[in-house]
Amino acid sequence: DNDGIKFGTDSAAVNALDDYEEGTFTPSLSTDSTTYAGDTDVGQYTKIGDIVYIVIRYTKTGTLNSGINARMSLPFTSKSGSFQSCNFRGNIENLDTAMAGVAGTVGANQSILYLQELTLQTTTPTLAGNDLGSGFQIQISGFYKTA
């Protein structure tokens, strides 16, 4: 109806699901100094209300500069306020050392996913451009809240 989708016998407008969207986006990878187009950069999202679920696959054949704070673009701006509860997990193949796990953090009121390496070999978990080596693929998925 005009309020959105309601389930069962619920007729309250406040309980209606009035926002559902599926789509694709082109994620970009950047550091503090440079933005890099991928050789394969595919992003898919499903948005239900204020929750966005994304899946990203990003492949690059060349080497990145040594810029710090590797991050990926997101299709929607996150909710404002404090850091948002989010859960991004994935992996990076052909990292300088080997395949590694990767996690992500989304700050408040941002459309950026900051990448962090999940290994015990480093004391600085923030992923830098030169950590990615020559030729790599990032696969990551997760949820975040949007405005």
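Okay, so let's go over this structure.

Rules behind the numbers
Residues numbered from 1 in each chain as written. Predicted model: local features only at pLDDT ≥ 70, side-chain atom pairs only at ≥ 80, totals over all residues. Heavy atoms only, no water. Core = buried A, V, L, I, M, F, W, Y, C linked by side-chain atoms within 4.5 Å. Buried < 20%, exposed > 50% of the residue type's maximum accessible area, 1.4 Å probe, protein only. Helix = DSSP H or I, 4+ residues; strand = E, 2+ residues; numbered from the N terminus. Contact = heavy atoms within 4.5 Å. Polar contact = N/O pair within 3.5 Å; in protein donor to acceptor, adjacent residues only side chain to side chain. Pairing = 2+ DSSP bridges. Salt bridge = Lys/Arg side-chain N within 4 Å of Asp/Glu carboxyl O. Patch = residues over 30% accessible without salt bridge, like charges linked within 9 Å, V, L, I, M, F, W, Y side chains within 5 Å. Areas by Shrake-Rupley, 256 points an atom, 1.4 Å probe, with all protein chains shown as cover. Phe/Tyr/Trp six-rings, centres within 6.5 Å; stacked < 30°, edge-to-face > 60°.

Moving on: the nonpolar core. Where a protein is soluble and globular, its nonpolar side chains tend to be buried together. Core analysis: the biggest nonpolar cluster contains 25 residues, and Leu 29, Ile 54, Leu 115 and Ile 138 have the highest contact counts within it. Listing elements by their share of this core, those giving two or more residues are strand 5 (51–63), strand 7 (87–93), strand 8 (100–106), strand 9 (112–118) and strand 10 (134–145). The residues touching Ile 54, leaving out its near neighbours within four places in the chain, are Phe 25, Gln 44, Tyr 45, Leu 74, Pro 75, Phe 88, Ile 140, Ser 141, Gly 142 and Tyr 144.

Glancing now at the environment of Asn 15. Its location among the elements puts Asn 15 in the segment before strand 1 (20–25). By relative accessible area, which is 45% here, Asn 15 ends up partly exposed. A C-alpha to C-alpha distance of 8.6 Å links Asn 15 and Ile 5, two positions ten residues apart in sequence. Discounting residues that sit within four places of it in the chain, Asn 15 has contacts with Ile 5 and Asp 10. Polar contacts involving the side chain of Asn 15 include one to the side chain of Asp 10, which spans 2.8 Å.

Let us now look at the sheet that holds strand 6 (residues 71–73). Strand order in the open sheet formed by ten strands is 1-4-5-10-7-8-9-6-2-3, with antiparallel pairing between adjacent strands. Of all strands in the sheet, those with a lone pairing partner are strand 1 and strand 3 (35–36), marking the two edges. Across six bridges, strand 1 lies against strand 4 (residues 40–48) in antiparallel orientation. Paired with Phe 25 across the bridge in strand 4 is Gly 43.

Here the focus is the pattern of salt bridges. Where side chains of opposite charge bring their charged atoms close, a pairing between them can arise. For the structure on display, the rule yields five salt bridges. Residue Lys 79 is joined to Asp 50 by a salt bridge in which the shortest nitrogen-to-oxygen separation is 3.9 Å. Taken together, the positions of Lys 79 in the loop between strand 6 and strand 7 and Asp 50 in the loop between strand 4 and strand 5 put the pair 29 residues apart, joining distant regions of the chain. Asp 50 sits in the partly exposed class, given a relative accessible area of 25%.

A contiguous nonpolar surface patch, about 310 Å² in accessible area, is contributed by Ile 51, Tyr 53, Val 55 and Phe 143. Inspection of the secondary structure puts Ile 51 in strand 5.

Taken as a whole, this structure holds five aromatic pairs when the rule is applied. Each ring, one from Tyr 45 and one from Phe 76, has its centre 5.0 Å from the other, and the planes form 90°; the classification is edge-to-face. Here Tyr 45, found in strand 4, pairs with Phe 76, found in the loop between strand 6 and strand 7; they are 31 residues apart in sequence, far enough to count as distant. Residue Tyr 45 is classed as buried on the basis of its relative accessible area of 11%.

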